[in-house]
Structures are given as C-alpha cells and as structure tokens.
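Examination of the molecular architecture
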Amino acid sequence: MEIKQSEFVTSAVSLNQYPIDSMLEIAFVGRSNVGKSSLINNLTNRRKLVKVSGTPGKTRLVNFFIINNSFYFVDLPGYGYAKVSKVEQATWGKTIETYLLNRPQLKKIMLLVDSRHKPTEDDIIMYNWIKHYGYESTIIATKCDKIKKSEMAKSIKTIRETLGMSAEEKIIFYSTLKKIGKEQVLDDIELSLNGEML
Ligand code: GDP
C-alpha cells in the first residue's frame, strides 16, 4: 500500500467530537517521546502532518487523519511523561478509555515501544488495555537505528517477555532516520484493513 493522500480532520476529547462516518481506523499509541509523530509523518510522506512535539506530554487529544480518502489514522495521546500531574494523567486515561470503549470501526492498534529499552510499566498497562478491549495490535519497536543489528534479537525477546505477547503477534522494527520498517508497517495495516479501503 502507498499513502497518496493524508489530511488532518479533527481533534477530539469526547465522543461527540469524533468523526461521524464509520470509516475504518488504525490507531497509534505509545509513551510520550517514543517517536509516534515522526512515524506517522514518515508513513504518510509528510514532514508536518503531525507536529513533532517540542514539549513531550503536551498533546492530550485524540487526533484523526483521513488517509487515501478511505480510512483514518488515529493519533492517541502519549503517556508516561514524568512531569505530568496526576490529574492530567487521569484525564489521559479517560480520553483513551472513551475512545477504546466506543470504536467498533477500530481495526488495529499500533503500540510503539522504544527498541532500546525494556517496555515500561505504562507500556504494559497499555498493552493489557488493548487486550482487555479485544483489539488486534502490532508492536512497533522505534528508533532501531540506535541499536546494533546484533542487539535486535535480544530486544525482541525483552519486548515479547515483558509484555507477555502471544507468538502470532508481530514486532516491527522502525527507524524514521534510516527508513527501516515502513513497508512492513504499511503491509500490516493493509492486511488488517483487509482490502476494504483500496
Ligand atoms: P512523540 O512524542 O512520540 O510524538 O515523538 P516524536 O516523533 O516527537 O519524537 C521524539 C524524538 O525522537 C524527536 O527528537 C525525534 O527526532 C526522535 N526520533 C523519532 N524517531 C526517531 C528514529 O527513528 N530514530 C532516532 N534516532 N530518533 C528518532
């Protein structure tokens, strides 16, 4: 699949602000600063579709982008930023939960984790949340230009074990700098949309 068209549609906090059509959705979620904005920009061949955050933890909204005029990328707010207050964290939880509870058109959640580190407590909670609500997921291990080829097998093992992933779930290494993983992610998205948007 190639992304030929992408456009920001709306930002939402509550349910009544979501787009009202029922086009399929692919959501992206991860710890603040994991590289989510860079990845969405890279997938869509846009430099500034999503604003790369100067201040991590600032974005508290669910952002919808229309892709190829036929489905949505949904950019969920980043979590785990240390300087965010408890109240703000609770708001984040509510925002995400509202979305996850009400999205029959959501086909898959791409969970981004940093390939250099063991997934955090927040990553584990997010992963379990995805499973709890019964969504499909693919794990994307970001910034893989920062690890050596020889460290990749260990990184996969750590991610799999820490999250408690099942064998059939994929991990895709990604680097926006070295352009690694883009085809694989786009293929994976295409597969989960099942040709419905082509
Ligand atoms: P977000 O907060 O998850 O949206 O993360 P951003 O996309 O804003 O990226 C956070 C920081 O990581 C920025 O300084 C990016 O330049 C950097 N970054 C993003 N992707 C990569 C990557 O693939 N490799 C490296 N080395 N740095 C990256």
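Reading the values: rules and limits
Residues numbered from 1 in each chain as written. Predicted model: local features only at pLDDT ≥ 70, side-chain atom pairs only at ≥ 80, totals over all residues. Heavy atoms only, no water. Helix = DSSP H or I, 4+ residues; strand = E, 2+ residues; numbered from the N terminus. Buried < 20%, exposed > 50% of the residue type's maximum accessible area, 1.4 Å probe, protein only. Near = heavy atom within 4 Å. Polar contact = N/O pair within 3.5 Å; in protein donor to acceptor, adjacent residues only side chain to side chain. Areas by Shrake-Rupley, 256 points an atom, 1.4 Å probe, with all protein chains shown as cover. Nonpolar A, V, L, I, M, F, W, Y, C, P; charged D, E, K, R; others polar. Expected span 1.5 Å × (residues − 1). Contact = heavy atoms within 4.5 Å. Core = buried A, V, L, I, M, F, W, Y, C linked by side-chain atoms within 4.5 Å. Phe/Tyr/Trp six-rings, centres within 6.5 Å; stacked < 30°, edge-to-face > 60°.

With a phi angle near 50°, asparagine 68 is a residue other than glycine that sits in the positive phi range. Relative to the helices and strands, asparagine 68 is located in the loop between β3 (62–67) and β4 (71–75). Judged by its relative accessible area of 22%, asparagine 68 falls in the partly exposed class. One non-glycine residue, asparagine 69, lies in the positive phi region at around 55°. Along the chain, asparagine 69 turns up in the loop between β3 and β4.

Close contacts around the ligand come from 16 residues, with Asn33, Ser37, Ser38, Asp145 and Thr176 the closest. Taking asparagine 33, its main chain carries an N or O atom lying 2.8 Å from an oxygen atom of the ligand. Within the side chain of serine 37, an N or O atom sits 2.5 Å from an oxygen atom of the ligand. Across the complex, the protein chains shield 78% of the 580 Å² of accessible surface that the ligand would expose by itself. Here the residues of the shell around the ligand are counted per class, giving three nonpolar, eight polar and five charged.

Between the first and last C-alpha of helix α2 (residues 86–101) there are 22 Å, a value that for 16 residues agrees with the 22 Å anticipated at 1.5 Å per step. Where the residues of α2 are buried, they touch β2 (25–30), β3, β4, β5 (106–114) and α3 (121–132).

Its location among the elements puts glutamate 25 in strand β2. A polar side-chain atom of glutamate 25 sits 2.8 Å from a polar atom in the side chain of tyrosine 99. Apart from residues lying up to four places away in sequence, glutamate 25 is in contact with Phe64, Tyr72, Val74, Tyr99, Arg103, Gln105, Leu106, Lys107 and Lys108.

Turning our eyes to something else, we now look at the nonpolar core. In terms of nonpolar packing, the biggest core is built from 34 residues, with Tyr99, Leu111, Met126 and Ile139 touching the most fellow members. At five residues, the largest contribution of residues to this core is made by α3. Ignoring sequence-local partners within four residues, the contact set of leucine 111 consists of Val29, Gly30, Tyr79, Asp123, Met126, Tyr127, Ile130, Thr138, Ile139, Ile140 and Leu163. In terms of nonpolar packing, the next biggest core, distinct from the first, is built from 24 residues, Ile40, Leu49, Leu112 and Leu193 among them.

Another aspect to go through is the environment of asparagine 16. Mapped onto the elements, asparagine 16 comes out in the loop between β1 (6–12) and β2. Within the structure, asparagine 16 has its side chain in polar contact with the side chain of serine 14 (distance 2.9 Å).

This next bit is on the packing of aromatic side chains. Think of a pair of aromatic rings as described by two things: how far the centres are apart, and how the planes are tilted against each other in angle. One pass over the full model with this rule turns up nine aromatic pairs. Measuring from centroid to centroid gives 5.3 Å for tyrosine 79 and tryptophan 92, while their planes differ by 65°, and the two rings are edge-to-face. Of the two residues, tyrosine 79 is situated in the loop between β4 and α2 and tryptophan 92 in helix α2; the sequence distance between them amounts to 13 residues. On the accessibility criterion, tyrosine 79 (3% relative accessible area) is buried. Ring-pair connections join several aromatic residues into one group, and the members of that group are Tyr18, Phe64, Tyr72 and Tyr99.

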